[in-house]
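Chain by chain, the residues run as shown.
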Amino acid sequence: MIGSTERVLEHDDAAATVVEQWGTRGPLLVCVHGITSGRKTWARFAEHFADRYRVVAYDQRGHGDAHGVPGPMTLERSLRDLANVLALYDDAPFALVGHSWGGAVVVRGGLRTTCERVIAIDPMIHVSAGTFGSEYVEDLRPVFAVPSIEREPVLREMYATLPAIEIEGKVAAMLHMTIEPIANIGIENGVDDGRWDLRQDLVGYPKPLYMALADEPDSVVYPEDVTFVRERGGAHVTVDVYAGQGHSLQRTDFENFAKRAEAFLGS
């Protein structure tokens with residue numbers, strides 16, 4: 001196991017999070033997790049790349065060690081938080097890597113930073129009106145209804161099929177979470193009103209972007225949006241559908257994903 005270092009970051013609104021770094025040399029990879037995940041859910045990815053890169057991850061608001069930060073949960077606030085993390089480093093990130101909600105953050109973040117490349121894993125680029133509450137929030141209420149003091153065995157059973165390092169990451173992310181930050185992503189961004197739509201960000205994307213997508217029907221990227229990106233993303237965008245894999249393909253098909261990510265980062 002490769003060691004890591006941690007530091008507390010106070011955002012520009014005084015909200016605190018924890019930033020973790022694996023590796024001490026090489027280009028900077030900054031990782032942004034999705035809903036119900038946290039910085040430690042990147043540990044397997046980070047340990048794989050830490051001999052060549054400095055891999056950085058942090059807890060988004062409401063998650064992991066930032067579970068006590070109630071918000072705001074807007075996409076704009078998430079982008080400002082990403083900028084605060086990047087400001088800790090003297091050099092620009094070589095790549096932004098994000099999953100799901102974090103995938104949306106890095107897609108738009110890639111347009112606002114001087115990073116060279118972007119990896120978006122099954123990114124939440126578009127959510128149909130009226131579906132966020134039912135598909136993203138209600139399914140999670142039962143686990144968050146379990147008191148934190150009793151929740152750990154529930155989480156370990158939920159993720160029992162994953163490798164131990166992945167289970168520990170999910171426990172760290174979800175043990176003290178509540179449902180409110182997830183619900184507020186929907187409320188504060190008008191998601192159920194149809195206002196979560198990053199498709200235009202992808203038109204003619206100006207730098208190399210690797211979109212690693214789950215297979216239908218387990219992807220959060222609608223089939224028509226996959227077609228949209230293929231047709232309008234431009235020469236810099238690579239769309240790669242992982243056959244038979246679900247939304248968290250970076251966990252369930254790790255070796256394959258890591259190999260393809262290496263090729264993209266090194267090409």
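For the structure itself, consult the block above.
Report follows, based on the coordinates.

Rules behind the numbers
The residue numbers shown here count from 1 along each chain, following its written sequence. Owing to the predicted nature of the model, reporting of local features is limited to residues with pLDDT of at least 70; listing and counting of side-chain atom pairs is limited to 80 or more, with chain, interface and lining totals taken over all residues. In computing side-chain values, all of the structure's heavy atoms are included and hydrogens and water are not. A run of H or I in DSSP counts as a helix once it spans at least four residues, and a run of E counts as a strand once it spans at least two, with each numbered from the N terminus. The atom set for the radius of gyration is the C-alpha atoms, and the globule formula is 2.2 Å times the number of residues raised to the power 0.38. Only protein chains enter the area calculation, which uses a 1.4 Å probe; residues under 20% of their type maximum are buried, those over 50% are exposed, and those in between are partly exposed. It only takes one pair of heavy atoms within 4.5 Å for two residues to be counted as in contact. Per-residue and other accessible areas were derived by the Shrake-Rupley procedure at a 1.4 Å probe size, with only the shown protein chains allowed to occlude residues. Note that His is not counted, nor are the chain ends; the positive residues are Lys and Arg, and the negative ones are Asp and Glu. Charge positions are represented by NZ for Lys, CZ for Arg, CG for Asp and CD for Glu. Only one rule defines a salt bridge in this text: a Lys or Arg side-chain nitrogen within 4 Å of an Asp or Glu carboxyl oxygen. Pairing between strands requires that DSSP locate at least two bridges from one strand to the other. Every axis corresponds to a line fitted to the C-alpha atoms, with the helix fit spanning only the stretch in contact, and the corresponding angles, defined between N-to-C directions, vary from 0 to 180 degrees. The set of buried Ala, Val, Leu, Ile, Met, Phe, Trp, Tyr and Cys residues whose side-chain atoms join them within 4.5 Å is what this entry labels a nonpolar core.

Some details on the overall build of the chain
Here is step 1: Broken down by element type, the chain carries 11 helices and 8 strands.
Here is step 2: Its C-alpha atoms give the chain a radius of gyration of 17 Å, near enough to 18 Å, the size a compact globule of 267 residues would have.
Here is step 3: For the chain, the spread of C-alpha atoms along the principal axes amounts to about 50 × 45 × 40 Å.
Here is step 4: Buried positions account for 57% of the 267 residues belonging to the chain.
Here is step 5: For the chain, the share of sequence-separated contacts (at least 6 apart) that also reach a separation of at least 24 residues comes to 72%.
Here is step 6: Total accessible area computed for the chain in this model is approximately 11,100 Å², and 51% of it derives from carbon and sulfur atoms.
Here is step 7: Of the charged side chains in the chain, 25 are positive and 39 negative, and the gap between their average positions amounts to 5 Å.

Things to note about the pattern of salt bridges
Here is step 1: Across all of its chains, the model carries 26 salt bridges by this definition.
Here is step 2: When the shortest N-O distance is used, the salt bridge between glutamate 20 and lysine 40 registers 3.0 Å. Taken together, the positions of glutamate 20 in strand E2 (residues 16–22) and lysine 40 in the loop between strand E3 (28–32) and helix H1 (43–49) put the pair 20 residues apart, joining distant regions of the chain.
Here is step 3: On the basis of relative accessible area, lysine 40 is assigned to the partly exposed category, the value being 30%.
Here is step 4: The salt bridge partner of aspartate 81 is arginine 77, with a shortest N-O separation of 2.8 Å. Separated by 4 residues within a single helix, aspartate 81 and arginine 77 lie in helix H2 (residues 75–86), roughly one turn from each other. Taken individually, aspartate 81 and arginine 77 each receive the classification buried, so the pair is uniform in this respect.
Here is step 5: What emerges from the salt-bridge pattern is a single network uniting Glu6, Glu20, Arg39, Lys40, Asp59 and Asp65.

As for the sheet that holds E2
Here is step 1: Ordered by their spatial adjacency, 8 strands build an open sheet running E1-E2-E4-E3-E5-E6-E7-E8, and the pairing between neighbours is mixed. The open sheet has two edge strands, strand E1 (4–10) and strand E8 (237–241), and neither has a second partner. Each adjacent strand pair in this sheet contributes to an overall mean axis angle of 20°, direction not counted.
Here is step 2: As paired elements, E3 and strand E5 (residues 95–99) share 4 bridges and run parallel to each other. By the bridge assignment, valine 30 is partnered in E5 with leucine 96.
Here is step 3: Set on the sheet, helix H3 (residues 101–112) makes contact with E3, E5 and strand E6 (117–121); between it and E5 the angle comes to about 150°.
Here is step 4: Packed on one face of the sheet, helix H9 (residues 223–232) meets strand E7 (209–213) and E8 and runs near 145° to E8.

Quick notes on the nonpolar core
Here is step 1: One finds Phe132 and Trp196 to be the most contacted residues of the largest nonpolar core, which totals 61 residues.
Here is step 2: Sequence-distant contacts of phenylalanine 132, that is, excluding residues within four places in its chain, are made with Ile35, Met124, Val127, Val137, Ile182, Ile185, Gly186, Val191 and Asp192.
Here is step 3: Core analysis: the next-biggest nonpolar cluster, separate from the first, contains 28 residues, Ala46, Phe94, Ile121 and Ala212 among them.

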